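# Tertiary structure, described
These are the residues of each chain, in order.
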Amino acid sequence: MTTRLSSVLTLVCAGLFCCSCATTRSARHIAGGGDRHPEMHASRGAVERFCDAKIGLSVHWGPSSIGGCEIGWSRNKEIPLARYDQLYREFNPTNFDADAWCRFIKAAGFRYVSPTAKHHDGFSLWFSKATPYDMEATPFRRDIMRELGDACRRHGIIFGAYYSLLDWYHPDWPENRRGGPGALYGHPADAPQLPRYVDFLRTQCTELIRDYGASFIQFDGEWDDCWTHELGSGLYADLRNLSPDVLLNSRVDKGRINGEFKRTKVWDRGTYAGDFEERERITGKGNSVLGFADHPWQAWVTIDKNQWAHSPRTDKRLLSAAEVIRDVVDTICDNGNYMINLGPRPDGSFDPREAAVMIEAGRWIRANGEAIYGTRGGPYPRQAWGGSTRKGRFVYLFITDPSRRELALPRADFRVTSARTIEGATVRFRARDGAATVVLPPPHRGPMPAVIVLGTEARGAVRGMRRP
Ligand code: FHN
């Protein structure tokens, strides 16, 4: 590391101040109701539980998986409208087993799960009282969200839901760009009524939170002009009044326009509502939205580099386990949560190729869980050698450059008192004036990062770091 960079790092780490997932600074810096409801935010316990869980699975799934193209987006495009809107009549995932899903989820190192309760195509993956276009209309006639939610609670997995604000099937969504309303709502004589649609979505979100126990909702599809900051803030307030603990992502409101895709500035949490920032990292398109943040955020990727829902193609390009772990390390060292998406097959089973990647990645994640779950990013900024997380008086170093023989760590407001590998082998180090040099053990085999555990004499928990 050059002297200049080292001195910069020293300044950064010397200027430590407390920042955990839910910062203790003014309410303005805790994501919540935004400028319309600044007094509203999720309970501290719920936010910390989300940040502690660190690694989540999203599942893009529904009758559209029968078509093998992208959920929602293939309606009236790759899949003709009439065909797409009839797929629910064939949806009979007899291999769906919620307990088997939960065993896979835990083996892969996930701590929470978010199925597409309703995507842009308007199909509801549960028995919703608000729509005829749901699981009761399928030959399967089982309530998938109920079965999965109950199994998650049996297995200790946090259960949430993805929910699309826009709905190309519903007659009251005014900006319909994918074939127009579906037949099951009948053909209302009047023009689209957005207030009536907002009542519908509020009813569905209430079902998911109150009746199905969703601990968080990942909103999506907020980009149409008809969905406004006023509507987003109002929905946040309604659902916060329903539950003090449910977490709502930043896409409940219009915060995305200020963030990721334009990569212009960090999400304006003082204006837009949300409890955690949803950063969609488009793998394979070079659009990375990582970057340290002292507020709750999530990097959301999909294992199939081309689409979110199931594709039967034998040549689909999947992330490798090493790429998943690289993303996991980048994200948690930047103080974020990491969510990856899989697309189950029409029969309710996971694609063995996708499952195999996550089982391999899960072996590393679970073996290094001490350095992942319950940690926060820092205290050292991410470097060419890797990154760091912290928990209590321990600091965890993720060594992603196997060629390194020594690490010169900058001065910090704690003294290093011990060093070991995550497996427990003692590691040599020299500590002086708050700085430390760690002599790295010979690299283990394979592309996965090694993890070094530093014990410190920090007064209380090791503190975070200034946002670079
Ligand atoms: O249009 C959706 C897409 O289908 C997928 O659900 C992703 C997941 O983050 N969100 C939207 C694109 O940003």
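Residues numbered from 1 in each chain as written. Predicted model: local features only at pLDDT ≥ 70, side-chain atom pairs only at ≥ 80, totals over all residues. Heavy atoms only, no water.

## Considerations on the pattern of salt bridges
Under the counting rule described, the total for this entry stands at 37 salt bridges. The salt bridge involving Arg-210 is made with Asp-211; its shortest N-O contact spans 2.8 Å. The salt bridge partner of Arg-256 is Asp-220, with a shortest N-O separation of 3.0 Å. Of the two residues, Arg-256 sits in the loop between strand E6 (247-248) and strand E7 (277-280) while Asp-220 sits in strand E5 (residues 216-220), which places them 36 residues apart along the sequence. Take Arg-256: its relative accessible area is 12%, and that puts it in the buried class. (Salt bridge = Lys/Arg side-chain N within 4 Å of Asp/Glu carboxyl O. Helix = DSSP H or I, 4+ residues; strand = E, 2+ residues; numbered from the N terminus. Buried < 20%, exposed > 50% of the residue type's maximum accessible area, 1.4 Å probe, protein only.)

## Side note on the sheet that holds strand E12 (residues 394-399)
Judged by pairing direction, the sheet is antiparallel, and its five strands sit side by side in the order E10-E11-E12-E17-E14 without closing on themselves. Bordering the open sheet on either side are strand E10 (376-377) and strand E14 (416-421), each of which pairs with just one other strand. Pairing of E14 with strand E17 (residues 450-456), which is carried by five bridges, proceeds in the antiparallel orientation. Looking at the pairing, Ser-418 lines up with Gly-455 of E17. (Pairing = 2+ DSSP bridges.)

## Quick word on the pairing of E7
Of the two faces of E7, both are covered, the one formed by Glu-277 and Arg-279 as well as the one formed by Glu-278 and Glu-280. Bridge count for E7 against strand E8 (residues 297-302) is four bridges, and the pairing is parallel. Considered in E8, the bridge of Arg-279 is made with Ala-299.

## Let's talk about the side chain of Ser-114
Among the secondary structure elements, Ser-114 is positioned in strand E2 (residues 112-118). Ser-114 sits in the buried class, given a relative accessible area of 1%. A distance of 3.2 Å separates a polar atom in the side chain of Ser-114 from the backbone nitrogen of Tyr-162. Setting aside anything within four residues of it in sequence, one finds Ser-114 in contact with Leu-57, Ser-58, Val-59, Gly-160, Ala-161, Tyr-162, Phe-216, Gln-218 and Met-339. (Polar contact = N/O pair within 3.5 Å; in protein donor to acceptor, adjacent residues only side chain to side chain. Contact = heavy atoms within 4.5 Å.)

## Observations regarding the site of the ligand
Near the ligand you find His-60, Trp-73, His-119, His-120, Tyr-162, Asp-220, Trp-223, Arg-251, Arg-256, Glu-280, Trp-300 and Trp-308, and these make up its full shell. About the coverage of the ligand: the protein hides 92% of its 330 Å² of free accessible area. Broken down by class, the residue content of the shell around the ligand amounts to five nonpolar, three polar and four charged. (Near = heavy atom within 4 Å. Areas by Shrake-Rupley, 256 points an atom, 1.4 Å probe, with all protein chains shown as cover. Nonpolar A, V, L, I, M, F, W, Y, C, P; charged D, E, K, R; others polar.)

## Some remarks on the packing of aromatic side chains
For the coordinates displayed, the defined rule picks out 25 aromatic pairs. Ring plane angle 65 degrees and centroid distance 5.2 Å describe the contact between Trp-173 and Tyr-197, whose orientation is recorded as edge-to-face. Placement of Trp-173 in the loop between strand E4 (161-164) and helix H6 (194-211) and of Tyr-197 in helix H6 is noted, with a sequence separation of 24 residues between them. Here Trp-173 matches Tyr-197 in class, with each residue buried. The ring of Trp-168 has Arg-178 sitting right over it, with the charged end atom 5.6 Å from the ring centre. (Phe/Tyr/Trp six-rings, centres within 6.5 Å; stacked < 30°, edge-to-face > 60°. Lys NZ or Arg CZ within 6 Å of the ring centre and 35° of its normal.)

## A closer look at the environment of Ala-293
As for its position among the elements, Ala-293 is in the loop between E7 and E8. A relative accessible area of 1% means that Ala-293 is categorised as buried. Placed 41 residues apart in sequence, Ala-293 and Asp-334 show a C-alpha to C-alpha distance of 6.6 Å.

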